[in-house]
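So the chains spell out like this:
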Amino acid sequence: MRTIRTLFIAFAGVLAGAAAVWAAGEKIDIPERDWSWRGPVGSFERAELQRGLQVYTEVCASCHSLRLLAYRNLTALGYGEEEIKAYAANYEVKDGPDDQGEMFSRTAIPSDRFVPPFPNQQAARAANNGAYPPDLSLMTKARKRGPDYLFALLTGYEDEPPAGIELMAGMSYNRVYPGHQIAMPPPLFEGGVEYADGTEATVERMAADVTAFLAWAAEPELEQRKSMGIGVLVALGFLFVAVVLVKDRVWKDVKK
Amino acid sequence: MTTRTEFKNPLIRWVDDRLPVFTYLDHEYNQFPMPKNLNYWWNFGALASVVLVLMLVTGILLAMQYTPHVDYAFESVERIMRDVNYGWLLRYLHMNGASMFFIVVFIHLFRGMYYGSYKTPRELLWILGVVIVLLMMATSFMGYVLPWGQMSFWGATVITNLFSAIPWVGDSIVTWLWGGFSVDNPTLNRFYALHFLLPFVIFAVVALHVVAVHITGSNNPKGIDVQVPRDTVPFHPYFTAKDSVGLVAFLLFFAAVVFFDPNLFGEPDNYIKADPLQTPTHIVPEWYFLPFYAILRAVPDNFIGGWVTSWMGFTFISAKLAGVIAMFASIMVLFALPWLDRSNVRSARYRPIHNVLFWFFVFDCFVLGWVGANPAEGMFVWIGRIGTVWYFAHFLVFIPLVSMIETPRPLPASISEPVLKEKA
């Protein structure tokens, strides 16, 4: 039975791969969005990140892990120490062994990594019809034009597939997913979360917020990197003028 | 032995009397005569050595934080990116430094080809340069495997599998390279060890390359020998100043990439942890390997060598083996360049046909790179084949032929002369 299921998953994987190859030839239009962190001086909007965290926590986190992030990292979103402690306290981590050699469960603390929804890949597959919900820590870096793609994917579901397309059992139709058959059911619905800041939770709003949050999760260094970059470029710019002047001075008397 | 420099400082003099390092530095980097007509294309050798040092420094610092194990490598790189102080800067400098190294070295190489820097008496200098390129390719390939992303793993699988094309012993060699029956932990460990070792080998060959150029002296855009002292200026301050201009311009470009688009040259798939059970839809090497990748894939299944040997009753040269041979030959042919070019005029400025051929060749390299980035299907198959034939024809047919029949334009009598004449 186990073997048959493994074989079936492998076969589905090959099919999906073949479909992806086929789909690669097809032009899928992914619109460009004007993200706040684009451009040389772009930065994240804290309110957007906080709403995105809420969407991740209430929607995505039931299936998708965020292994590379620790709760303490949330200080970058503008949360205080107590708020982060309270957030972490919603989760249980397996720890140990204690001095009796026993493993035990304890409440998560800020230094813990985000607790994954499933203990291992097998458990995740078993709970998700054989599909494995990927970790989201680097999602916006792991796809071409990641943030645009992610937003388009989250808002790209259709209730009914176009005529002539037969969906496999448990699959949903998505305009931008390679091959169009995606194992993830539509995750976002109008009013799916009740935003703490009172923002109206449209599908687009939630998709944009969670994309912003995941873009931050993938590149937490982005703001420091860009501001340092401006400084470095300005300094090098001055240095460039200086070395050009020196060079001209040195070479002044050399006949070409 | 050249004359020793007199130093005022007694300590320096004391050391110099026993080990003349200061005399050496004074001769080679202070007084050293350089042709005064060098243009900015002559910056790239100095730039390459700066990048090499930067790669060594960032690499050693990264090695202090990296864990070469299939279960931890990917996470340890992300730990560097997130938790190590300025780890993201170190890693982005190193990652993009590899691309910068190849950009700089490719330009350096093309410059040598254009101005005939490989010709007498600089053949050995050129050969050492090609050795450096080969070592760089091996080093960067193994370095790309270390983050253990999808492209790391599958790139390593594809490239190591090339050796299986060797007749009879191929499969055993691949098993030996892997240290097992697939790319796995032993492979990662040995790639890490070699990726740490090879840069020092590169450093040693670069040292020989530099010694060699200080023996023959630099070539120059006119490609004629230095004749009188008036043709030259001392290295310092003239070329320290000129190299600084090139260096800061280059650093501006480097910094723009590192700080504002650090993943420009990378593949998104490498931010997915390696999964031996899931093949990416397109396995593409790093951009600097793309032309060679196109040559590898250019040999058709029914090519003549395979046809002849299979007619003899066995297939000795498979299309795969022929592709591998072609790929390695595309570098090896560079070793023969000093002897393939029969012309005694160095600079392409005075060689009208050779000059045009050179630019066709540069264009061909870009075309091959573009083909290498695309799946081997449809028109790309044919463009790749034509590009590959042109690549080899350039070295093996066009260069020897043109060098024998071409009438070069008259050469200037000396580096200083033509301008003086115009003024007179």
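Owing to the predicted nature of the structure, the values given are computational and were not obtained by experimental measurement.

Asker: Could you clarify how one ought to interpret the overall build of chain A in this entry?
Answerer: Looking only at helices and strands, chain A features seven helices and five strands. Taken from the N to the C terminus, the helices and strands of chain A come in the order α-α-α-β-β-α-α-β-β-β-α-α. A burial count over chain A gives 26% of its 256 residues as buried. For chain A, restricting intrachain contacts to residue pairs at least 6 apart in sequence, the fraction spanning at least 24 positions comes to 62%.

Asker: I keep staring at the environment of Gly369(B) and nothing clicks. Help me out?
Answerer: Residue and element names in this part refer to chain B. By the secondary structure assignment, Gly 369 is in helix H14 (residues 352–372). On the basis of neighbour counts, which here come to 18 C-beta atoms within 10 Å, the residue Gly 369 falls in the partly exposed class. Each C-alpha atom, one on Gly 369 and one on Phe 289, is 7.8 Å from the other, the two residues being 80 residues apart in sequence. Not counting residues up to four positions away in its chain, the partners in contact with Gly 369 are Leu 290 and Pro 291.

Asker: Looking at this model, I keep getting lost on helix H9 (residues 185–216) of chain B. Mind explaining?
Answerer: Residue and element names in this part refer to chain B. Taking 1.5 Å of rise per residue, 32 residues should cover 46 Å, and H9 covers 47 Å from first to last C-alpha, within 8% of that figure. Buried within H9 are the following residues: Thr 187, Leu 188, Phe 191, Tyr 192, His 195, Pro 199, Ile 202, Val 206 and His 209. Where H9 ends, the next residue or the one after it, Gly 217, has phi of about 80°, a positive value.

Asker: Just to check I follow, could you spell out the packing of H14(B) against helix H15 (residues 379–405) of chain B for this structure?
Answerer: Packed helices, taken two at a time, are described by the angle their axes make and the gap between the axes. Residue and element names in this part refer to chain B. Following both chains from N to C, one finds H14 and H15 inclined at 155°, their axes separated by 9 Å at the closest point. Taken together, the axes of H14 and H15 lie roughly antiparallel to each other. Here the hand of the crossing between H14 and H15 comes out left-handed. Packed against H14, whose contacting residues are Ile 353, His 354, Leu 357, Phe 361, Asp 364, Val 367, Leu 368 and Val 371, the element H15 presents Phe 380, Ile 383, Gly 384, Gly 387, Trp 390, Tyr 391, His 394, Phe 398 and Val 402 at the interface. Of the residues that constitute the contact of H14 with H15, the class distribution is 12 nonpolar, four polar and one charged.

Asker: How should I be thinking about the domain arrangement of chain A in this particular structure?
Answerer: All names here are of chain A. Along its sequence, chain A is organised into domain 1 (30–69 + 118–233) and domain 2 (70–112). For domain 1 versus domain 2, the separation of C-alpha centres amounts to 24 Å. Contacts between domain 1 and domain 2 engage six residues on the former and five residues on the latter.

Asker: Could you clarify how one ought to interpret the environment of Gly223(B) in this entry?
Answerer: All names here are of chain B. Residue placement: Gly 223 occurs in the loop between H9 and strand S2 (232–234). Overall, the presence of 21 C-beta atoms within 10 Å leaves Gly 223 in the buried class. In the structure, Gly 223 is positioned 121 residues away from Asn 344 in sequence and 9.9 Å away in space, judged by C-alpha atoms. When neighbours within four sequence positions are excluded, Gly 223 is seen to be in contact with Tyr 115, Gly 116, Val 345, Arg 346 and Ser 347.

Asker: Explain the interface of chain A and chain B here, please?
Answerer: Interfaces are often described in size by the accessible area the parts lose on coming together. With 33 residues of chain A at the contact, the number on the chain B side is 29 residues. Sorting the residues of the side of chain A that touches chain B by element identifies helix H1 (2–24) and helix H7 (222–251) of chain A as the ones contributing at least two each. For the side of chain A that touches chain B, the class distribution of residues is 20 nonpolar, four polar and nine charged.

Asker: Help me understand unusual backbone geometry in this model?
Answerer: Residues apart from glycine generally show negative phi values, whereas peptide bonds are mostly found in trans. In this model, Gly96(A) is joined to Pro97(A) through a cis peptide bond whose omega is 5°. Examined against the element boundaries, Pro97(A) turns out to sit in the loop between strand S1 (92–95) and strand S2 (104–107). In this structure, the amide linkage connecting His236(B) to the following residue, Pro237(B), adopts the cis form with an omega of 10°. Tracing the backbone shows Pro237(B) in helix H10 (residues 235–260). Here His180(A), not a glycine, exhibits a phi torsion of approximately 70°, which is positive. By the element assignment, His180(A) lies in the loop between strand S4 (172–174) and strand S5 (181–182). In the Ramachandran plot, Trp168(B) falls in the positive-phi region, its phi being about 65° despite a non-glycine side chain.

Asker: Is there a simple way to think about the sheet that holds strand S3 (residues 157–158) of chain A in this case?
Answerer: The strands making up a sheet associate through backbone hydrogen bonding, with each pair oriented either parallel or antiparallel. All names here are of chain A. Strand order in the open sheet formed by three strands is S3-S4-S5, with antiparallel pairing between adjacent strands. On the outer flanks of this sheet lie S3 and S5, each paired with one strand and no other. Both S4 and S5 contribute to a ladder of two bridges, which runs antiparallel. Opposite Ser 172, over in S5, you have Ile 182 as the bridge partner.

Asker: When you look at the domain arrangement of chain B in this model, what are you seeing that I'm missing?
Answerer: Residue and element names in this part refer to chain B. According to the domain assignment, chain B contains domain 1 (22–279) and domain 2 (284–424). Measuring from the centre of the C-alpha atoms in domain 1 to the corresponding centre in domain 2 gives 22 Å. Facing 36 residues of domain 1, the contacting portion of domain 2 comprises 28 residues. If you list the elements that add at least two residues to the side of domain 1 that touches domain 2, you get helix H5 (87–114) and helix H6 (123–145). Ranked by residues supplied to the side of domain 1 that touches domain 2, first place goes to H6 with seven residues. Residues belonging to the side of domain 1 that touches domain 2 are distributed by class as follows: 20 nonpolar, nine polar and seven charged.

Quick notes on the rules
- Residues numbered from 1 in each chain as written.
- Chains lettered and ligands numbered in written order.
- Predicted model: local features only at pLDDT ≥ 70, side-chain atom pairs only at ≥ 80, totals over all residues.
- Helix = DSSP H or I, 4+ residues; strand = E, 2+ residues; numbered from the N terminus.
- Buried ≥ 20, exposed ≤ 12 C-beta atoms within 10 Å, placed from the backbone.
- Contact = placed C-beta atoms within 7 Å.
- Expected span 1.5 Å × (residues − 1).
- Axes fitted to C-alpha atoms, helices over the stretch in contact; angles between N-to-C directions.
- Parallel < 35°, antiparallel > 145°, perpendicular 65-115°, else oblique.
- Left-handed = near helix turned anticlockwise from the far one by under 90°.
- Nonpolar A, V, L, I, M, F, W, Y, C, P; charged D, E, K, R; others polar.
- Domains from an automatic or database assignment.
- Pairing = 2+ DSSP bridges.

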